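# A structural walkthrough
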Amino acid sequence: MTGPESRFECPICLAWLRDPVLTTCGHRFCRSCMELWLEKENPSCPIDNTKLQKGVDIFPDNFTRREISQQKTKCPNIAKGCLEELSPLDVETHLVVCKYRPPELPENEKLRCTFVEFGCEEKFEDEPELQRHVDQQIQKHLMLLSRAYSRFTISSQSGASTSAIAQEANFWDPPSKNEVAVPSNDNLNGLLKALYEKVVLLEQKTREQDIIIANMSEQISSLNLSMTKMHLRYCNGCYLWYFNEFKNKINSMRNDSRIMHYSPGFYTSANGYRLCIRLNLSPKDPNYVAILIHVMKTEHDHALDWPFSGRLTITLIHPTQTFRNIKETMMTRPELEAFRRPVQEMNPKGFGYTEFALIEELFSQGYTDNNQLLIKVQAQPV
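Model, not experiment: these values are computed from the prediction.

## Some words on the overall build of the protein chain
- Secondary structure summary: the protein chain contains 9 helices and 16 strands in total.
- Taking all 382 residues of the protein chain together, 34% fall into the buried category.
- Sequence-distant contacts, at least 24 apart, represent 53% of the contacts inside the protein chain between residues at least 6 apart.

## Some details on the sheet that holds strand β8 (residues 238-243)
- Strands sit in the order β8-β16-β13-β14 across an open sheet of 4 strands; the sheet is antiparallel. Each edge of the sheet is formed by a strand with only one pairing partner; in this case those strands are β8 and β14 (326-331). The average angle at which neighbouring strand axes cross in this sheet is 15°, direction not considered.
- The pairing of strand β13 (residues 310-317) with strand β16 (residues 373-381) spans 8 bridges and is antiparallel. In the strand pairing of β16, G310 is matched with P381.

## Comments concerning unusual backbone geometry
- Omega for the peptide link from W306 to P307 comes to -5°, which places this bond in the cis form.
- The phi angle at L14 is positive, at roughly 60°, despite the residue not being glycine.
- Here the phi dihedral of N371 falls at roughly 60°; this positive angle occurs in a residue that is not glycine.
- Summarising the element assignment, N371 is placed in the loop between α9 (359-364) and β16.
- According to the relative accessible area criterion, N371 is partly exposed, its value standing at 26%.

## Observations concerning the environment of C113
- For C113, the position within the fold is in the loop between β6 (111-112) and β7 (123-124).
- A sequence separation of 18 residues divides C113 from Q131, and the C-alpha atoms of the two residues are 9.0 Å apart.

## Focus on a nonpolar patch on the surface
- Taken together, the side chains of M227, M230 and Y234 present a nonpolar region at the surface, about 360 Å² in accessible area.
- For M227, the position within the fold is in helix α7 (residues 185-233).
- M227 gets classed as exposed once you look at its relative accessible area, which sits at 54%.

## What to know about the pairing of strand β11 (residues 274-281)
- Counted residue by residue, β11 has 8 buried out of 8 residues, so it is predominantly covered.
- With 2 bridges connecting them, strand β9 (residues 261-262) and β11 associate as antiparallel partners. Looking at β11, one finds that H261 is bridged to L279.
- Pairing of strand β10 (residues 266-267) with β11 involves 2 bridges; the strand directions are antiparallel. Bridging from a neighbouring strand, Y267 pairs with R274 of β11.

## Some words on the nonpolar core
- Core analysis: the biggest nonpolar cluster contains 36 residues, and I277, L373 and I375 have the highest contact counts within it.
- Contributions of two or more residues to this core are made by β8, α8 (246-255), β11, β12 (288-296), β13, β15 (351-358), α9 and β16.
- Once you skip the residues sitting within four places of it in the chain, L373 turns out to touch W241, Y242, F243, F246, L279, L316, L362, Y367 and T368.
- Judged by nonpolar contacts, the second largest core, of 19 residues, contains C13, A15, F29 and I47.

## A word on the UniProt feature "domain: RING-type" (unreviewed entry) in the protein chain
- The positions that UniProt labels "domain: RING-type" (unreviewed entry) are, in the present scheme, residues 10-49.
- Spanning residues 10-49, this segment combines 18% helix with 18% strand, and its end C-alpha atoms are found 16 Å apart.

## So, the sheet that holds strand β3 (residues 58-60)
- Strand order in this open sheet of 3 strands is β2-β1-β3, and the pairing throughout is antiparallel. Every other strand in the sheet has two partners, leaving β2 (28-30) and β3 as the edge strands with one partner each. Going across the sheet, the axis of each strand differs from the next one's by a mean of 40°, ignoring polarity.
- Pairing of strand β1 (residues 20-23) with β2, which is carried by 3 bridges, proceeds in the antiparallel orientation. Considered in β2, the bridge of V21 is made with F29.

Parameters at a glance
- As a convention, each chain's residues are numbered from 1 in the sequence order in which they are written.
- Owing to the predicted nature of the model, reporting of local features is limited to residues with pLDDT of at least 70; listing and counting of side-chain atom pairs is limited to 80 or more, with chain, interface and lining totals taken over all residues.
- The basis for every side-chain value is the complete set of heavy atoms in the structure, and neither hydrogens nor water enter the calculation.
- In this text, helices come from DSSP runs of H or I with a minimum length of four residues, and strands from runs of E with a minimum of two, each type numbered from the N-terminal end.
- Here the term buried applies to any residue with accessible area under 20% of the maximum for its type, exposed to any over 50%, and partly exposed to those in between, with areas from a 1.4 Å probe on protein chains only.
- Residues count as neighbours in contact if any of their non-hydrogen atoms are within 4.5 Å of one another.
- Only strands joined by at least two bridges in the DSSP assignment are considered to pair.
- For helices, the fitted line uses only the C-alpha atoms of the stretch in contact; every axis is such a line through C-alpha atoms, and the angle between N-to-C directions lies from 0 to 180 degrees.
- Here a patch means residues that are over 30% exposed by relative accessible area and free of salt bridges, tied together within 9 Å if like-charged and within 5 Å if nonpolar (Val, Leu, Ile, Met, Phe, Trp, Tyr).
- Under the convention used here, a 1.4 Å probe and the Shrake-Rupley method define accessible areas, while residue burial counts only the protein chains that appear.
- For salt bridges, the criterion is a side-chain nitrogen of Lys or Arg within 4 Å of an Asp or Glu carboxyl oxygen.
- Remark: nonpolar core denotes a set of buried residues (Ala, Val, Leu, Ile, Met, Phe, Trp, Tyr, Cys) joined through side-chain atoms within 4.5 Å.
- UniProt positions are given in the numbering used here, feature names are shortened, and annotations may be inferred rather than shown by experiment.

Structure, rendered in C-alpha cells:
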C-alpha cells in the first residue's frame, strides 16, 4: 500500500489522517495527534507556530474526511488472491478478517518490532506488516526513544562524577596512531540511539517543510491568478495583448484556416463591458492578418446599456519605431449583432478589420520582437 498524498497525511504521525481536524491557520491533523500535541505548554501549530487553543482553534474537517473515505487501495494480500478495494483507513481492520491472510504464527515465532528494546511490544506475522507498523508509528517510537534516552541520562548522572559525565558525553574519541579504536558497547549503543533519533526527526522536519512549500506554492499560484484577473478587470478598457510564438502560430493557421486565437477577456471598467481580441488569417486574403473585437458575457450584463456603443482603437505596436505603429479607430454600429448583449460566453459575431496588416511586412519591418507581436486595444463606451 502506497503512502498518502501530502494533503491526506498528518504532519505529526506521517500517516493517513484519521478523524481529520483543521486549524484556524489552515493545516490538517489527526484529531488524536493534535489533541496530544496541544497538551504541551504554550501550544502552537507544528507547521507555522501559530498559537492555538484546544477547543477554540480546532474544527472537524468533514470535507477531507469524505475525500479520504472515497480513496481506494488494494488489500496487501493481493499477491495471495485478495481483490478487495478498501479505504486506506479500513486496511488494518480488514487484515484481521481477510481470508487470504497468512496463518497466524505462534507467539514465539512472530516478528518483534524493531523498537522492542525501547518498549514497543507489538508483534507481526510478516515483514510487510512490520514495515507498515514502523512507517506509521514514527511518533510513538520517537516518544519511546526519548523516554529511553532520558532514563539513560538520569541513571548516568546519578552514578557518575562531573568528570565521568563529561567523559560519557564523548561518545567516541579518536585513538592514537598506534592504537586500534574499540568503542565500548554502551557508548556505541548510545551513539546509535542518538543518531537514529536525529535521522527520524530530520525526516519528519523534511516532510513538514515539503508540506509548507506545497501550500505556499499553491497560495502563490492562486495570488498570481488573482492578480491577472485584477489586471484584466481594472485596465479601464486599455489592454495590451502579447501574442507569443507569432511565426509558429501563423504557420499553423496557414495549414488550417479554421484556427483562430483569442485574447483573455478585459473590461472597460470594473463593472463595465467585457471584450476580447481575435486574431486569424484573413478569409479574403491569407497574406493578411485579421483583427476583430468580440463582446463577452459578464455577471452584471443586466446592469449595462445594450447594444454596446463606443469607440474602439486597435494599434499594432512596433517595438522600436513608434512612427511605424499601425493604428485604426472605429465607432460601434448599434444595428450590428456584434454589439448586442451576448447570450453565450462570447458573442460569435466580431467587429474589426479582416485585412489589418500584411504578414510579410510584419516580419520584414521588424514588428515582431522575440517572435512576439504586441496588439493594443482601447475601448471607450459612450
